[in-house]
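Summary of structural features
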Amino acid sequence: MANARVTVHTEAGIDRIEPELHGHFAEHLGRCIYDGIYTDDSVDEDGFREDVVELLDDLEMPVLRWPGGCFADDYQWEDGIGPQEERPRRRNLFWGQGREMIPEESNRFGTHEFLEFCERVGTEPYLAANVGSGDPQEAADWVEYVNYDGDTTLADRRRENGREDPFEVKYWGLGNENWGCGGQMDPEQYAREYRRFATYVGTQTAHMLDHDLELIACGFEGHDWNHQFMEEVGGTPWGVDYPLDHLTLHHYYGRTMSVAESDEDDYDEFFLEALEMDHHIERLASAINAFASTRDIGVIIDEWGSWHPEAQGGTGLEQPGTVLDALSAAAVLDIFNDHADVMTMSNIAQTVNVLQCLVETQGDDAFARPTYRVYDLYAPHKGNEAVTTSIETPTREVDDEELPLVGASASVDEDGEVYVTATNLDTRAAHTVEFTVEDATGDDVDAQVLFEGQEPDLEVDADNADAFAADELDVTVDNDGTITAELEPATVAGISVE
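Here's a quick rundown of the structure.

Rules and cut-offs
- Residues numbered from 1 in each chain as written.
- Predicted model: local features only at pLDDT ≥ 70, side-chain atom pairs only at ≥ 80, totals over all residues.
- Heavy atoms only, no water.
- Helix = DSSP H or I, 4+ residues; strand = E, 2+ residues; numbered from the N terminus.
- Rg over C-alpha atoms; globule rule 2.2 N^0.38 Å.
- Areas by Shrake-Rupley, 256 points an atom, 1.4 Å probe, with all protein chains shown as cover.
- Phe/Tyr/Trp six-rings, centres within 6.5 Å; stacked < 30°, edge-to-face > 60°.
- Buried < 20%, exposed > 50% of the residue type's maximum accessible area, 1.4 Å probe, protein only.
- Lys NZ or Arg CZ within 6 Å of the ring centre and 35° of its normal.
- Arc of directions from axis to C-beta.
- Contact = heavy atoms within 4.5 Å.
- Pairing = 2+ DSSP bridges.
- Core = buried A, V, L, I, M, F, W, Y, C linked by side-chain atoms within 4.5 Å.
- Axes fitted to C-alpha atoms, helices over the stretch in contact; angles between N-to-C directions.
- Parallel < 35°, antiparallel > 145°, perpendicular 65-115°, else oblique.
- Left-handed = near helix turned anticlockwise from the far one by under 90°.
- Salt bridge = Lys/Arg side-chain N within 4 Å of Asp/Glu carboxyl O.

What the protein chain contains, in helices and strands, is 10 helices and 24 strands. In terms of C-alpha radius of gyration, the protein chain reaches 23 Å, essentially the compact-globule figure of 23 Å for 498 residues. Projecting the C-alpha coordinates of the protein chain onto the three principal axes gives extents of approximately 70 × 55 × 45 Å. Of the roughly 19,200 Å² of accessible surface on the protein chain, 40% is carried by carbon and sulfur atoms.

In the structure shown here, the tally under the stated rule is 24 aromatic pairs. Plain terms: the ring middles of Phe 220 and Trp 225 are 6.3 Å apart, the flat faces sit at 75 degrees to each other, and that makes the pair edge-to-face. Trp 225 gets classed as buried once you look at its relative accessible area, which sits at 9%. Measuring from ring centre to ring centre gives 5.7 Å for Phe 270 and Phe 271, while their planes differ by 50 degrees; the resulting arrangement is tilted. Both residues of the pair, Phe 270 and Phe 271, count as buried. We note Arg 65 situated over the ring of Phe 25; from NZ or CZ to the ring centre the distance is 4.6 Å. Sitting above the plane of the Trp 307 ring, Arg 255 keeps its charged end 4.0 Å from the centroid.

Turning to helix H6 (residues 223–233), a few remarks are in order. His 223, Trp 225, Asn 226, Phe 229, Met 230 and Val 233 are the residues of H6 that are buried. For H6, the buried positions fall inside an angular range of 140 degrees around the axis, keeping them on one side. Exposed residues lying more than 90 degrees from the buried face of H6 are Asp 224 and Glu 231. Contacts from the buried residues of H6 go to helix H5 (187–202), strand E8 (214–218), strand E9 (246–253) and helix H8 (277–291).

Before going further, it helps to examine the pairing of E9. Taken across its eight residues, E9 has eight buried, putting it largely inside the fold. Of the two faces of E9, the one lined by His 246, Thr 248, His 250 and Tyr 252 and the one lined by Leu 247, Leu 249, His 251 and Tyr 253 are each fully buried. Inspection of the sheet shows E8 paired to E9 by three bridges, in the parallel sense. Across the sheet, the residue bridging to Ala 217 is Leu 247, located in E9.

Moving on: the nonpolar core. Within the largest apolar cluster, 127 residues are counted, with the highest numbers of intra-cluster contacts made by Tyr 194, Phe 229, Leu 244, Trp 304 and Phe 336. For this core, the element with the highest residue contribution is helix H9 (residues 323–338), accounting for 11 residues. In this view, Tyr 194 contacts Leu 174, Leu 215, Ile 216, Ala 217, Phe 229, Val 233, Pro 243 and Leu 244; residues no more than four positions away in its chain are not counted. The next biggest cluster of nonpolar side chains, apart from the first, holds 24 residues, and it includes Val 420, Ala 422, Val 437 and Ala 447.

This part is about the packing of H8 against H9. Two numbers describe a pair of packed helices, the interaxial angle and the distance between the axes. Interaxial distance between H8 and H9 falls to 10 Å at its minimum, and their mutual angle equals 30 degrees. Of the possible angle classes, the one that applies to H8 and H9 is roughly parallel. Regarding H8 and H9, the two cross each other, and that crossing is right-handed. Residues Met 277, Asp 278 and Ile 281 of H8 form the contact with H9, whose participating residues are Val 332, Ile 335 and Phe 336.

Cis geometry is adopted by the peptide bond preceding Pro 67, which originates at Trp 66 and carries an omega value of 10 degrees. Within the secondary structure layout, Pro 67 lies in the loop between strand E3 (63–66) and strand E4 (90–91). Its identity as a non-glycine residue notwithstanding, Glu 168 has a phi of 55 degrees, on the positive side. Mapped onto the secondary structure, Glu 168 falls in the loop between helix H4 (153–160) and strand E7 (171–174). Here the phi dihedral of Asp 439 falls at roughly 70 degrees; this positive angle occurs in a residue that is not glycine. In this fold, Asp 439 is placed in the loop between strand E19 (431–437) and strand E20 (445–450). The exposure class assigned to Asp 439 is exposed, which follows from its relative accessible area of 69%.

On to the pattern of salt bridges. A pair can form between side chains of opposite charge whenever their charged atoms are brought close. What the rule picks out here adds up to 26 salt bridges. Close ionic contact of Asp 79 with Arg 90 constitutes a salt bridge, the shortest N to O distance being 3.0 Å. Placement of Asp 79 in the loop between E3 and E4 and of Arg 90 in strand E4 is noted, with a sequence separation of 11 residues between them. For Arg 90, a relative accessible area of 41% puts it in the partly exposed group. Its salt-bridge partner being Glu 119, residue Arg 163 comes within 2.9 Å of it at the nearest N-O pair. On the criterion of sequence distance, the pair formed by Arg 163 in the loop between H4 and E7 and Glu 119 in helix H2 (residues 111–121) is long-range, its members being 44 residues apart. Since its relative accessible area comes to 17%, Arg 163 is described here as buried. Relative accessible area serves as the criterion here: at 47%, Glu 119 is assigned to the partly exposed category. Connected through salt bridges with shared partners, the residues Glu 264, Asp 265, Asp 268, Arg 396, Asp 426 and Arg 428 form a single ionic network.

The structure is reproduced here in structure tokens:
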């Protein structure tokens, strides 16, 4: 008998699930860029790791944020253009390179390398401009260098450096964590700085460029900060009232929980912390609506994911990749689907080797982590219409809160096919789940499952990576179209229904 039920209300649309909700993030930190994306013993003629390129190309990443992170707010973009042998070697103020975390930056990987990598893997670039230690002229010059097709010194310099056509980058972040490593600004100070940068960067839209720029402002998990920022950034007698297209914040979880040293009670607390994402999205959206109700401003979570004690500055923020982390990612992606009406992008941290990365490299080997498998399973949602789900689930009391043990989200594509994803966050027991898809007969059902029979603390490596791939999930379909599946402990399911 089922003890959990998911009802998919196919006519109760939420909004389009922007593919950018499955976005990614790469920073000059540890082995993310060097020995991750770029330059090691297994590279193509341009210095990119062929194995990493292949894995990320297969994943069809929609957007990739670069160069940071804290690194972005101390980055001078002109250091990373021109002949590589002539580029200056700088200190990396916040991080370092390699597992040794040497606090130096060679600038071998710069603007052209990043944007060519994006083209190679078929992803949209998102550039984060330096507000903390930079100035508006520097940011505006970067936009012109990258995007302008006219006859200026900067556009010609791009051509001299090997790129004739503009890159047409549309996503531009103006600052990163400006409440912290980006300058330790208060919200009013950042709002004034943001308006100053947006004036010089944003004016190029529809004046110098053939496409609109989308400007992204930095928010904070402390939500009073966001209200104060929005109030101040809109208080101007001239120009656009709210010169931003998106407002973002960062949410990491698991900082006190070493997976290898934890038990099932700790796992429950970890999932509860991950599910706080729902609260943060709602609060950020409410700050936008409180001040800019007539302005279409999207919510972005451009850094998020698990961050365990193993991920320390001295080790390049590397941590084991586990089923537990992948389960948390699935639960968060379901939350993103449910907030498709306000969310425009997310960027999990980070793409390769660092924190909750999707791809790991070990010498000449590159392999998919369990979180990669979740993104692959959730890929059919991208571009669909998110629809409302009603969920009846058992719960467990955790620190005076209730942890829902079964979660789900659903979407409908343009042909009417329904895709449902579901998680069993219970690491102790299986749960039998009934799925009712309104207006569906259940005549054609395909179902897959991740992590069946695997321990939640199982770590991925080059030898066992293939074991985390999806398997077929056994389901039964009743005469009325109800689908029943048993979700083993710590599993994720994807079910398509025509």
